Amino acid sequence: MKKIIVALMMLVAPLMLMAQNEEAKSIRFGYFSLEAAMKNAAEYGRIMHSLEELRAKYDAEMARVTEDFNAKYESFLEGQKDFAPSIRNKRQAELQDLMQKNIAFKAESERLLVQARKDALAPLTQRIFGIVQRIGMARGLAFVLNTDNNAAPFLHPALAENLNDALTEELK
């Protein structure tokens, strides 16, 4: 009896492996580049323009505070030999404080610009993900990969489907 069961298992096991292999071959997936999709969207140019305007405002303010600092520093250098030690120390402390504030402002403005970009692109990203989901469902894909940042160094051409063109069409 044991021999029959073992023999039966030996016959069934290869058939099960072949069935699993055929099923694995039928699983398809898609891939796309989120960055390329964003750049192909109609609203991308408008978003980038508004972000550049915001950057220009921060740059103008940074130029203003740098100019203000430079003027105060030159004034300090010109008069430092005539200042009493307590006045010289006070003005040095003021300049140092101003420089610290300028450095903090620059760091904060960079952080705010990164956050503004993220916030401005969030609706477009969500829209793209919705389109990708719709395309993936319509084409019967098991999953879809974003290939940005070298996330997928190899995609088997017989199993993978490039969705960039379909996505570009949907975004127009």
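For the structure itself, consult the block above.
Our subject in this report is the structure included herewith. In this text the structure is predicted, and so the values were computed from the model without any measurement. (Residues numbered from 1 in each chain as written. Predicted model: local features only at pLDDT ≥ 70, side-chain atom pairs only at ≥ 80, totals over all residues. Heavy atoms only, no water.)

### Some thoughts on the overall build of the protein
Thought 1: Check the secondary structure of the protein and you find 5 helices and 3 strands.
Thought 2: The N-to-C order of helical and strand elements in the protein reads α-β-α-α-α-β-β-α.
Thought 3: The 172 residues of the protein split such that 26% are buried.
Thought 4: Accessible surface for the protein amounts to roughly 12,500 Å². Of this, 59% is attributable to carbon and sulfur atoms. (Helix = DSSP H or I, 4+ residues; strand = E, 2+ residues; numbered from the N terminus. Buried < 20%, exposed > 50% of the residue type's maximum accessible area, 1.4 Å probe, protein only. Areas by Shrake-Rupley, 256 points an atom, 1.4 Å probe, with all protein chains shown as cover.)

### Thoughts on the nonpolar core
Thought 1: Core analysis: the largest hydrophobic core is formed by 21 residues, its most contacted members being Phe32, Met38, Leu121, Leu124, Ile128, Leu167 and Leu171.
Thought 2: Contributions of two or more residues to this core are made by α2 (34-40), α3 (44-79), α4 (85-138) and α5 (164-171).
Thought 3: Examining the composition of this core, we find that 7 residues originate from one element, α4, more than from any other.
Thought 4: In contact with Ile128, not counting residues within four places along its chain, are Phe32, Leu34, Ala37, Met38, Leu167 and Leu171. (Core = buried A, V, L, I, M, F, W, Y, C linked by side-chain atoms within 4.5 Å. Contact = heavy atoms within 4.5 Å.)

From the geometry alone we can't say anything about function, so treat these as descriptive.
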